[in-house]
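Residue-level listing of the chains:
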Amino acid sequence: MNVLVVGAGAMGQWFAHTVRTHADATVAFTDLDQSAAEAAATTVGGRTVASDAAETFDVVCIAVPMPVAEAAIDEFAPHATDAIVDVTGSMAGPVAAMRDAMPDGQRLSLHPLFAPENAPGNVAVVADASGPDADTVVDALAAAGNNCFETTAAEHDEAMETVQASAHAAVLAFAMAAADVPDRFQTPISAGLFDLVEQVTGGDPRVYSDIQRTFDGADAVAAAARELADADAETFERLYEQLS
């Protein structure tokens with residue numbers, strides 16, 4: 001199986017390494033930044049392809065930022081003979097774009113629910129049109145130790161509103177509101193929150209921005225914080241008990 005990975009970032013490299021190692025696939029990278037594609041090919045073990053090349057591949061994997069996923073699917077689907085896969089992080093839009101761009105091919109949307117450096121972990125899977133190549137990709141992920149579970153695009157995107165958009169907004173809002181407190185004053189809860197702040201702010205700000213732009217959730221966190229701030233003692237106790 002030969003695979004073209006569109007996007008030479010961390011997620012594209014993770015996907016390429018996984019299928020190369022566990023599916024005996026050959027991989028090629030293309031990226032708007034040719035130097036990034038060359039670096040990824042060197043790291044993973046593969047080659048580079050110009051973005052305007054006419055070459056075709058058994059599988060094309062779209063590993064680009066969420067805001068440009070659908071455009072990349074439209075552009076690179078003609079390079080896939082058998083299957084198109086995306087690992088962009090949202091699902092409804094990419095799945096619809098893959099249906100339009102490759103109606104008769106295999107279509108697979110994947111979302112690794114972890115940063116590549118923390119692999120393996122849970123991987124959400126929407127097999128919109130299954131087949132041998134799509135199955136090989138999922139089997140390779142499982143062979144690498146990942147827990148691949150099937151879902152729907154709608155279920156996935158709704159969940160991301162909570163586990164990504166709301167969660168990140170809550171952690172970052174705490175970071176914005178928190179004072180610089182000496183360690184001797186920390187409680188187990190506050191220390192845990194500061195640990196989360198360090199984890200969230202140690203990533204790529206563009207990725208976190210894309211998540212907030214793609215999924216709802218931050219407004220709900222803001223509204224909940226305002227409700228708590230405005231609550232009298234009785235109302236606060238009622239809200240607390242509802243969460244217990």
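See the structure above.
Residues numbered from 1 in each chain as written. Predicted model: local features only at pLDDT ≥ 70, side-chain atom pairs only at ≥ 80, totals over all residues. Heavy atoms only, no water.

**Thoughts on the nonpolar core**
- Ranked by size, the top nonpolar core spans 32 residues in total, and within it Val3, Val5, Phe15, Phe29, Leu108 and Leu110 carry the most contacts.
- Counting 23 residues, the second largest nonpolar core, distinct from the first, contains Ala28, Phe57, Met91 and Val126. (Core = buried A, V, L, I, M, F, W, Y, C linked by side-chain atoms within 4.5 Å. Buried < 20%, exposed > 50% of the residue type's maximum accessible area, 1.4 Å probe, protein only.)

**Brief notes about the environment of histidine 156**
- With respect to the secondary-structure elements, histidine 156 resides in helix H6 (residues 153-177).
- Each C-alpha atom, one on histidine 156 and one on alanine 92, is 8.5 Å from the other, the two residues being 64 residues apart in sequence.
- Sequence-distant contacts of histidine 156, defined by excluding residues within four places in its chain, comprise Gly89, Ser90, Met91, His111, Ala124 and Thr151.
- Of the polar contacts made by the side chain of histidine 156, one reaches the side chain of histidine 111; its length is 2.7 Å. (Helix = DSSP H or I, 4+ residues; strand = E, 2+ residues; numbered from the N terminus. Contact = heavy atoms within 4.5 Å. Polar contact = N/O pair within 3.5 Å; in protein donor to acceptor, adjacent residues only side chain to side chain.)

**Describing the pairing of strand S1 (residues 2-6)**
- Of all five residues in S1, four are buried; the element is thus mostly enclosed.
- Judged from the five bridges that link them, S1 and strand S2 (residues 26-30) form a sheet pairing that is parallel. From the neighbouring strand, asparagine 2 faces S2, where its bridge partner is threonine 26.
- Sheet analysis places S1 next to strand S4 (residues 57-62), joined by four bridges and oriented parallel. From the neighbouring strand, valine 5 faces S4, where its bridge partner is cysteine 61. (Pairing = 2+ DSSP bridges.)

**Focus on the environment of isoleucine 189**
- Turning to its location among the elements, isoleucine 189 is positioned in helix H7 (residues 188-201).
- For the pair isoleucine 189 and alanine 25, spaced 164 residues apart in sequence, the C-alpha separation works out to 46 Å.

**Quick word on the pattern of salt bridges**
- Enumeration over the complete set of coordinates arrives at seven salt bridges.
- Where arginine 107 meets aspartate 128, a salt bridge forms, and the shortest distance between an N and an O atom there is 2.9 Å. Taken together, the residues span a long stretch of sequence, with arginine 107 in strand S6 (residues 106-112) and aspartate 128 in strand S7 (residues 122-129) at a distance of 21 residues.
- The shortest N-O distance in the salt bridge between aspartate 210 and arginine 206 comes to 3.1 Å. Of this pair, aspartate 210 and arginine 206 both sit in helix H8 (residues 205-214), four residues apart, which is roughly one turn of the helix.
- Among the residues examined, aspartate 210 registers a relative accessible area of 5% and is labelled buried.
- Each of the salt bridges in this network shares a partner with another, and the network as a whole consists of Asp204, Arg206, Asp210 and Arg213. (Salt bridge = Lys/Arg side-chain N within 4 Å of Asp/Glu carboxyl O.)

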